[in-house]
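# Commentary on secondary and tertiary structure
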Amino acid sequence: SLNNSNILVAVGTAAGNYTLTYQICDLNDLSRCQQANVNFTVTDTQIVAENNDFEIECLSTGIIGNILNNDTMNGSTCQPNEVDISIVSNTNENIQLNNLTGEILIDGDLSSGNYLLEYKIAVKGNPTLFDVATVSIHVVDRTPPAQPLLIDLVGYCSIAATIPSTTDSCSGSVNGYTEDPLEYSTPGEYTIHWRFTDESNNSSYVDQRILLQNSED
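This section reports on the structure supplied with the text. Since the structure is predicted, the reported quantities are computational estimates derived from the model, not experimental observations.

What follows covers the environment of Tyr-119. Within the element layout of this structure, Tyr-119 appears in strand β13 (residues 113–123). When the C-alpha atoms of Tyr-119 and Gly-102 are compared, they prove to be 9.9 Å apart, with 17 residues separating the residues in sequence. Within the structure, Tyr-119 has its side chain in polar contact with the backbone oxygen of Glu-50 (distance 3.2 Å). Here Asp-71 takes part through its side chain, which lies 2.8 Å from a polar atom of the side chain of Tyr-119.

Printed below as a string of structure tokens:
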């Protein structure tokens, strides 16, 4: 259609060659008019959805990125008002996609591992023009377990240490490990070297002092 001197092409117009015939007239003499043709070509809209990779720390929440940042329409970055966004498949319900803005939101705890979300962007007004891409989210844990406060063990005749535990932000409860003896019957001072290792192989270390005396005197 023609709007003043501007040619308007409707969204969804099929690709091809078109001719628009228009007429101009003398405002002082409307009987004096002249027609002319405008030839133009409508090309297919090129929409490209690119894969996205994100790496986040375990238990991270909030917006981690936007799928449209690297998606293009006719070579330019897609704008939210140009496309319809939808989820094709999702491996975890705590990963959400805002279909109005393209933002990816982590809305709950994700344990360490890899997650996939497949999405589709389509040209507004022409759902037959679309592309599909995948969002890969790698959840990592680089934080070691908390270092517990271990009291000195003081006793007489014999002492038997118990295995301590601590907490980890991703793995939960973590038990200590040592290659040192847990039972002592010879008077003296000893040290148990504890190691706390989570599921992602992050470790923290705490020493525990053992003092075994001859008598209560």
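That was the structure; now back to the text.
The next thing to look at is the sheet that holds strand β20 (residues 188–197). Spatial strand order, β15-β21-β20-β18-β17: five strands in an open sheet with mixed pairing. The two strands at the open ends of the sheet, each matched to only one other strand, are β15 (153–156) and β17 (165–168). Direction aside, neighbouring strands of the sheet carry axes that sit 30° apart on average. In this structure, β15 lies alongside strand β21 (residues 203–213), joined through four bridges in parallel fashion. Its bridge partner being in β21, Leu-153 is matched across the sheet by Ile-210.

Our focus in this paragraph is the sheet that holds strand β10 (residues 83–90). Across the sheet, four strands lie side by side as β6-β14-β13-β10; this open sheet has mixed pairing. Each edge of the open sheet is held by one strand with a lone partner, namely β6 (52–57) and β10. For this sheet, the mean angle separating the axes of adjacent strands, direction not counted, is 25°. Note: β13 against strand β14 (residues 126–140), 11 bridges, orientation antiparallel. Residue Asn-114 lies in a different strand from β14, and its bridge partner there is His-138.

On inspection of all chains with the given rule, the structure shows two disulfides. Put simply, Cys-25 and Cys-33 are joined by a disulfide, and their sulfur atoms are 1.9 Å apart. Its torsion about the S-S bond being 110°, the disulfide of Cys-25 and Cys-33 is classed as right-handed. Taking relative accessible area as the criterion, Cys-25 reaches 33% and is therefore assigned partly exposed. Between the sulfur of Cys-58 and that of Cys-170 lies a disulfide, 2.1 Å long from S to S. With Cys-58 in the loop between β6 and β7 (62–66) and Cys-170 in the loop between β17 and β18 (172–177), this residue pair connects regions lying 112 residues apart in the sequence. Sequential numbering of the bridged cysteines in the protein chain gives the disulfide pattern 1-2, 3-4.

Thresholds, definitions, all that
Residues numbered from 1 in each chain as written. Predicted model: local features only at pLDDT ≥ 70, side-chain atom pairs only at ≥ 80, totals over all residues. Heavy atoms only, no water. Helix = DSSP H or I, 4+ residues; strand = E, 2+ residues; numbered from the N terminus. Polar contact = N/O pair within 3.5 Å; in protein donor to acceptor, adjacent residues only side chain to side chain. Pairing = 2+ DSSP bridges. Axes fitted to C-alpha atoms, helices over the stretch in contact; angles between N-to-C directions. Disulfide = S-S within 2.5 Å. Buried < 20%, exposed > 50% of the residue type's maximum accessible area, 1.4 Å probe, protein only.

That's the geometry; what it means functionally is another story.
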